[in-house]
Amino acid sequence: MPRYNAAGAIRVGAVDSGAGATGESGIVGPTHSEGTMTGLPPPHGKDGNLRPLLIGDEALRAERVQEARGLPRVPLSSKEISDLVMLATGAFTPLEGFMDRRDYDGVLADMQLASGVLWPIPVTLAVSDEEAARLKAGERIALVDPARDEVLAVMEVKEKYRADRKREARCVFGTDEVQHPGVVTLYEQGETYLAGTPEILSEGEYPARFVEFARPSETRDLFARKGWSTVAAFQTRNPMHRSHEYLTKVALEICDGLFIHPIVGRLKPGDIPADVRMKCYNVLLENYYPADRVVLKVYPMEMRYAGPKEAVLHAIIRQNFGCSHLIVGRDHAGVGDTYGPFDAQEIFDTLPPGALHIEPLRMDWSFWCTRCDMIVSSRTCPHPDEDHVIISGTELRRMLVDGERPPDPFSRPEVIDILIDYYAGKR
Ligand SMILES: [Zn+2]
């Protein structure tokens, strides 16, 4: 199987919608959140509907807020808050809440919910043994953001079950080594999981903190208004340098639109904070991208650093947002040398046919070549490593901390200015 699609072949089979309308017709979709009228792929799952769990009805919401005052309060971790907001917006469609044991076991065993739908990583609500002891199945609880003392949801505990953390670590991360940041997060949380469908009252701090916060129904409407039927998503947790710009522009050559979609949940120590990254993305878009062909929005999840399985999750989420393609580069969602460089691309070849309506756009490692005098990839440049401008993440951080400018072929000067300022402020 070829690793790369030829440019002309990429649209073929990319969109499995009945309507077959192409974007050029300029269809305006006022409430076509399913996207099928526009040629955008349907949301993930069997029925093609988005499933946001935020309560839309004001009277019901007020009732639940009142009820929450008398309920036992369960504090959520930052990861769980992020997941709750993903559920609130429909970004985790078709999940109906925090997983029960059947879904959990199915996801670990063969990446399948009990319904048979593809899902690669458990979405769970963990509590400590003491908390678990005071809560019963059938009981209603309030889910709280402890840092803001805000009730985010009420939920009936459908089931209480024991996590198998070692198995979960191996299945999700391919390792149970505690050096892995995803394993650390897993081992820090409680060993009992509470299953249930949260009735969500609030999306917490994210909508106010990011003007670029957007829900899947909103991006679908936006893409439809723009007349796009193929949209390439770019997942990112870092500032974008020239190599990333190159990947996104290759995608823009073959798709109607580009969706730059940074993850803004809490990251591992040493990563660049979201507000600094947003400045970097915006300065690039203002100066180097066609404004009408790019959308920049954020989503609140936390990275799992689960490599291939996280690539599948990233694809599902982008399909829900209305994208037809996900750019999957070398070592997507990886950390250290946990995964092989192309594991996150090859996993898509193992999925059952029809499990996804979004396709990976498989890209190789890219960098500046001083002899080609342009950004190239391992697939396009014949020259040896000495001709390539390659700076590791660690080396880049050292340069910026020291106030040293990385070479111009590595990154746009506007981006470097922002990063130098950020590190100077930390000193
Ligand atoms: Zn070259």
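Conventions used here
- Residues numbered from 1 in each chain as written.
- Predicted model: local features only at pLDDT ≥ 70, side-chain atom pairs only at ≥ 80, totals over all residues.
- Heavy atoms only, no water.
- Core = buried A, V, L, I, M, F, W, Y, C linked by side-chain atoms within 4.5 Å.
- Buried < 20%, exposed > 50% of the residue type's maximum accessible area, 1.4 Å probe, protein only.
- Helix = DSSP H or I, 4+ residues; strand = E, 2+ residues; numbered from the N terminus.
- Contact = heavy atoms within 4.5 Å.
- Salt bridge = Lys/Arg side-chain N within 4 Å of Asp/Glu carboxyl O.
- pLDDT = per-residue confidence, 0-100.
- Donors = N, O, S within 2.8 Å, 3.2 Å for Na, K, Ca; no water.
- Pairing = 2+ DSSP bridges.
- Axes fitted to C-alpha atoms, helices over the stretch in contact; angles between N-to-C directions.
- 1 Å grid on protein atoms, 1.4 Å probe; cavity = no way out; pocket = protein on both sides within 12 Å on 5 of 7 lines; lining within 4 Å.
- Points joined across faces, edges and corners; volume = space filled by probe spheres on them.
- Nonpolar A, V, L, I, M, F, W, Y, C, P; charged D, E, K, R; others polar.

Caption draft 1: Structural context of the nonpolar core. Counting residues in each nonpolar core, the largest one holds 80 residues, and the members touching the most others are Phe92, Trp119, Leu143 and Phe348. If one sorts the elements of this core by residue count, helix 11 (residues 307-320) sits on top with six residues. Excluding its chain neighbours within four sequence positions, the residues that come into contact with Leu143 are Val74, Leu76, Leu84, Phe98, Leu125, Glu150, Val151, Leu152, Ala153, Met155 and Pro198. Counting 46 residues, the second largest nonpolar core, distinct from the first, contains Phe210, Val389, Ile391 and Leu396.

Caption draft 2: Just the pattern of salt bridges, in detail. Using the criterion set out here, one finds 32 salt bridges in the structure. A salt bridge links Asp145 to Arg148; the nearest nitrogen and oxygen atoms lie 3.7 Å apart. Here Asp145 falls in the buried class, since its relative accessible area comes to 6%. Under the relative-accessibility criterion, Arg148 is labelled partly exposed at 41%. Notably, a salt bridge pairs Lys166 with Asp176, separated by 3.3 Å at the nearest N-O pair. In this pair, Lys166 is assigned in helix 5 (residues 165-173) and Asp176 in the loop between helix 5 and helix 6 (181-188), connecting sequence segments ten residues apart. By relative accessible area, Lys166 is classed as partly exposed at 45%. Put simply, Glu63, Arg64, Glu67, Arg140 and Glu199 are held in one network by salt bridges that share partners.

Caption draft 3: View of the confidence of the model for the protein. Of the residues in the protein, 91% reach a pLDDT of 70 or more, and the chain-wide mean stands at 91. Below pLDDT 50 for its whole length, residues 1-36 participates in 71 contacts with residues either more than four positions away or in separate chains.

Caption draft 4: Quick look at the coordination of the zinc ion. Each protein donor to the zinc ion is listed here as Cys369 (SG), Cys372 (SG), Cys381 (SG) and His383 (ND1); together their distances run 2.1 to 2.3 Å. The sequence pattern formed by the donor residues of the zinc ion is C-x2-C-x8-C-x1-H. Highlighted residues: Cys369 in strand 13 (residues 366-369) and His383 in the loop between strand 14 (374-377) and strand 15 (388-389), separated in sequence by 14 residues. For Cys369, a relative accessible area of 0% corresponds to the buried category.

Caption draft 5: Representation of unusual backbone geometry in the model. Omega for the bond connecting Thr93 with Pro94 falls within 30 degrees of zero, at 10°, which places this linkage in the cis form. Within the element layout of this structure, Pro94 appears in the loop between helix 2 (78-89) and helix 3 (101-110). Despite not being glycine, Met111 has its phi angle at roughly 60°, a positive value. Inspection of the secondary structure assignment puts Met111 in the loop between helix 3 and strand 2 (126-127). When its relative accessible area of 12% is taken as the criterion, Met111 is described as buried. For Asp331, which is not glycine, the phi torsion reads 55° and is therefore positive. Position of Asp331 relative to the elements: it lies in the loop between strand 11 (325-328) and helix 12 (343-346).

Caption draft 6: Spotlight on the sheet that holds strand 9 (residues 257-262). Read across the sheet, five strands follow the order 10-9-8-11-12 without closing on themselves; strand pairing throughout is parallel. Only two strands of the sheet have a single neighbouring strand rather than two, namely strand 10 (294-296) and strand 12 (359-362). This sheet shows a mean twist of 30° between the axes of neighbouring strands, independent of strand direction. Both strand 11 and strand 12 contribute to a ladder of four bridges, which runs parallel. The residue of strand 12 that forms the bridge with Leu326 is Pro360.

Caption draft 7: Structural detail: the layout of surface pockets. In this model, the largest pocket occupies a volume close to 1,400 Å³. Taken together, 45 residues line the largest pocket, and the ones lying closest to its centre are Asn238, His244, Arg330, Trp365 and Gly393. Among the elements of the structure, strand 8 (231-236), helix 9 (242-254), strand 11, strand 13, helix 13 (393-401) and helix 14 (413-426) are those that each provide at least two residues to the lining of the largest pocket. Class assignment for the residues of the lining of the largest pocket results in 22 nonpolar, 15 polar and eight charged.

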